[in-house]
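Residues per chain, in single letters:
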Amino acid sequence: MTQSPIWHPFTQHGLGEPVPTVSHAVGAALYTKDNRRIIDAISSWWVTTHGHCHPRLMAAIRNQTEHLDQLIFAGWTHEPAEAVARGLTAIMPPALTRVFFSDSGSTCVEVALKMALGYWANRGEPRSRIVVMESSYHGDTIGTMSVGARGVFTAAYAPLLFDVGRIPFPSDPQATLDALEAQCRAGAAAFIVEPLVLGSGGMRIYSHDILTKMHEICVRYGVLFIADEVMTGWGRTGTLLACEQAGVVPDLLCLSKGLTGGSLPLAVTMASEAIWDAHYSTDRARTFFHSSSYTANAIACAAAAENLAIWREEPVLDSVAALAARQDRQLAGLKGHPAIHDIRRCGTITAMELGGGDAAYLSNLGPGLLAHFRERDVLLRPLGNTVYVMPPYCVEPDDLDTIYAAIRSAADAVASGAIR
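These numbers come from a predicted model, not from an experiment.

The rules behind each value
Residues numbered from 1 in each chain as written. Predicted model: local features only at pLDDT ≥ 70, side-chain atom pairs only at ≥ 80, totals over all residues. Heavy atoms only, no water. Helix = DSSP H or I, 4+ residues; strand = E, 2+ residues; numbered from the N terminus. Rg over C-alpha atoms; globule rule 2.2 N^0.38 Å. Buried < 20%, exposed > 50% of the residue type's maximum accessible area, 1.4 Å probe, protein only. Core = buried A, V, L, I, M, F, W, Y, C linked by side-chain atoms within 4.5 Å. Domains from an automatic or database assignment. Contact = heavy atoms within 4.5 Å. Expected span 1.5 Å × (residues − 1). Arc of directions from axis to C-beta. Pairing = 2+ DSSP bridges. Axes fitted to C-alpha atoms, helices over the stretch in contact; angles between N-to-C directions. UniProt positions renumbered as here; feature names shortened; annotations may be inferred. Polar contact = N/O pair within 3.5 Å; in protein donor to acceptor, adjacent residues only side chain to side chain. Salt bridge = Lys/Arg side-chain N within 4 Å of Asp/Glu carboxyl O. Buried area = accessible area lost by both parts, 1.4 Å probe.

**Student:** I tried to follow the overall build of the protein chain on my own but got confused; where do I start?
**Tutor:** Each helix and strand in the protein chain was counted, giving 12 helices and 16 strands. Rg of the C-alpha trace for the protein chain: 21 Å, near the compact-globule value of 22 Å for 420 residues, within the 12% margin. With the principal axes as the frame, the protein chain shows a C-alpha extent of 65 × 55 × 45 Å. Counting over 420 residues, the protein chain shows a buried share of 51%.

**Student:** Help me understand the nonpolar core, please; the structure alone is not making it clear to me.
**Tutor:** Soluble globular proteins tend to pack their nonpolar side chains together in the buried interior. Counting 91 residues, the largest nonpolar core has Leu88, Phe191, Met203, Met214, Leu380, Ile403 and Ile407 as the members making the most contacts within it. With 9 residues, helix H12 (residues 397-416) is the single largest residue contributor to this core. When residues of this core are assigned to domains, at least three fall in each of domain 1 (13-53 + 315-416) and domain 2 (55-313). Here Met203 is in contact with Trp46, Val197, Leu198, Met231, Arg344, Ile349, Ala351, Leu383, Tyr388 and Met390, once residues within four sequence places are set aside. Formed by 26 residues, the second largest nonpolar core is a distinct cluster that contains Val109, Trp120, Ile130 and Val164.

**Student:** I tried to follow helix H7 (residues 208-221) on my own but got confused; where do I start?
**Tutor:** Since one α-helical turn is 3.6 residues long, residues separated by three or four positions face the same way. Helix length check: H7, at 14 residues, gives a terminal C-alpha distance of 20 Å against a target of 20 Å (1.5 Å per residue), a fit within 8%. When we look at burial in H7, the residues that qualify are Ile210, Leu211, Met214, His215, Ile217 and Cys218. Angularly, the buried residues of H7 cover 155° about the axis, an arc narrow enough to put them on a single face. Of the residues in H7, the exposed ones pointing more than 90 degrees away from the buried face are Val219 and Arg220. Buried-residue contacts for H7 involve strand S5 (130-133), strand S6 (165-167), helix H6 (173-185), strand S7 (190-193) and strand S10 (224-228).

**Student:** Looking at this structure, how should I read the sheet that holds strand S13 (residues 340-346)?
**Tutor:** Adjacent strands of a sheet form backbone hydrogen bonds with each other and so pair up, either parallel or antiparallel. Taken in spatial order, the 3 strands of this open sheet run S13-S14-S16, and their pairing is antiparallel. At either margin of the open sheet sits one strand with a lone partner, and together these are S13 and strand S16 (386-389). Along the sheet, successive strands turn relative to each other by an average axial angle of 15°, direction set aside. Bridge analysis of S13 against strand S14 (residues 349-354) gives 5 bridges, and the strand direction is antiparallel. Opposite His341, over in S14, you have Glu353 as the bridge partner. On the sheet, helix H10 (residues 316-332) packs against S13, S14 and S16 and is oriented at approximately 170° with respect to S13.

**Student:** I would appreciate a short explanation of the UniProt feature "binding site: substrate" (unreviewed entry) in the protein chain in the present structure.
**Tutor:** UniProt's feature table lists "binding site: substrate" (unreviewed entry) at Trp45, Tyr137, Lys257, Ser291 and Arg381, given in the numbering used throughout. Across 337 residues in sequence, these annotated residues place their C-alpha atoms as far as 32.3 Å from one another, rather than forming a single compact spot. Relative to the helices and strands, Lys257 resides in the loop between strand S11 (252-255) and strand S12 (267-272). The residues touching Lys257, leaving out its near neighbours within four places in the chain, are Trp45, Trp46, Val47, Val230, Met231, Gly262 and Leu266. A polar contact of 3.3 Å, which involves the side chain of Lys257, links it to the backbone oxygen of Trp45. Following the sequence through the fold, Ser291 ends up in the loop between helix H8 (273-279) and helix H9 (298-313). For Ser291, a relative accessible area of 53% gives the class exposed. Of the polar contacts made by the side chain of Ser291, one reaches the side chain of Thr295; its length is 3.2 Å.

**Student:** I'm lost on the pattern of salt bridges in this one. Help?
**Tutor:** Side-chain pairs of opposite charge can arise whenever the charged atoms involved come near each other. What the rule picks out here adds up to 15 salt bridges. The partner of Glu313 in a salt bridge is Arg56, with the nearest N and O atoms 2.8 Å apart. Here Glu313 is found in helix H9, whereas its partner Arg56 is found in helix H2 (residues 55-65), with 257 residues between them in sequence. With relative accessibility at 51%, the residue Glu313 sits in the exposed group. What makes Arg56 partly exposed here is its relative accessible area of 24%. For the salt bridge of Arg123 with Glu125, the shortest nitrogen-to-oxygen distance reads 2.7 Å. Taking the relative accessible area as the measure of exposure, Arg123 reaches 44% and is therefore partly exposed. According to the relative accessible area criterion, Glu125 is partly exposed, its value standing at 29%. If you follow the salt bridges from partner to partner, you end up with Arg56, Glu306, Glu313 and Glu314 in one network.

**Student:** Honestly, the domain arrangement of the protein chain in this entry has me stumped. Any pointers?
**Tutor:** The parts lose accessible area when they come together, and the size of an interface is often stated as this lost area. Along its sequence, the protein chain is carved into domain 1 (13-53 + 315-416) and domain 2 (55-313). One C-alpha centre belongs to domain 1, the other to domain 2; they are set 27 Å apart. Taken together, the contact between domain 1 and domain 2 spans 27 residues of the former and 29 residues of the latter. For the pairing of domain 1 and domain 2, the buried interface totals around 2300 Å² over both sides, and the portion due to carbon and sulfur atoms is 68%. It is Trp46, His50 and Cys346 that lose the most area in domain 1 upon contact with domain 2, and together they represent 25% of the buried surface on that side.

Below, the structure written as structure tokens:
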């Protein structure tokens, strides 16, 4: 068989790991070309909320293809984008009055960073330092790598990255708050954070009280607060936004992944009126200079508009709460296992470490765990030896049983030395 020319993301092809071909998907299940049924336990990289090929989303996409596919969005608009903007401003915090479209989590974060710097530049105030939390991840473009954790993900690209201020993950909350206050007092431009859960940094969870206090510090010093809810938004942490649990309204909000229910790529950066006003002028030099060719693609916007309708019309948060409760019962069955450590949950997200030692993305356990789950027809993609579960909200109880049975058997294999 001829080798595929595809270069897959986050894949070391030199390891020779199999790359299954998926032919179709329904709900929480993927079906391969060789007739296997795979349970999607991570929502296909955290994007699928209501389930694969959701009938309402697919119908909206099909309908839109009959009317308008793509339109330049510089100085033009279309109804699907207008519907998304109206829908977002209706359900998001009222202070977030402006909606800027882009096409991925990385790009909507880049947009937020540029808006923050543009805000200060247009006000004539010399603030440019961005503050970040250690172990965070905000994307793979140059700007988003700069504000993320430095390490194996970024080492080769270090000459391209800009310097940022860093505060520790709040294992010691007071140390984190003190560090943030010092950065803000020194005149930081903005603080960017993943609310409640650091995703690719190892599904590290911190309390909403800490998030509240970090926001209060930023407000006290006039530092812009950027909430990266690309992963944590759309119900993943138990509420529509993770920020809700802390009573936090950010100056800039980054949304993607579940924005279209996971069906098509789309992202938005929502901004406060103050951010908008700093760019609003008769002086063309103060224009916000950012776009991509596919900004606000009409078909993707149609999917997002229908997703917003689903959130308005269906009891999505009831499904979220039910899944969280079922996850709790599953986690209870894993407690006390000698190879499982630091079991944790936030909303529909669960995580744990398998084996001893510190969690690390290049843990030697990683490839063995990945193969173990693949052989059991479960799509779990550990972050090193951190195993996490983040399924679509429609996952059936039997499938959830299968997911956690695969985790228990993997833990048994780690304990016995079969995976090491």
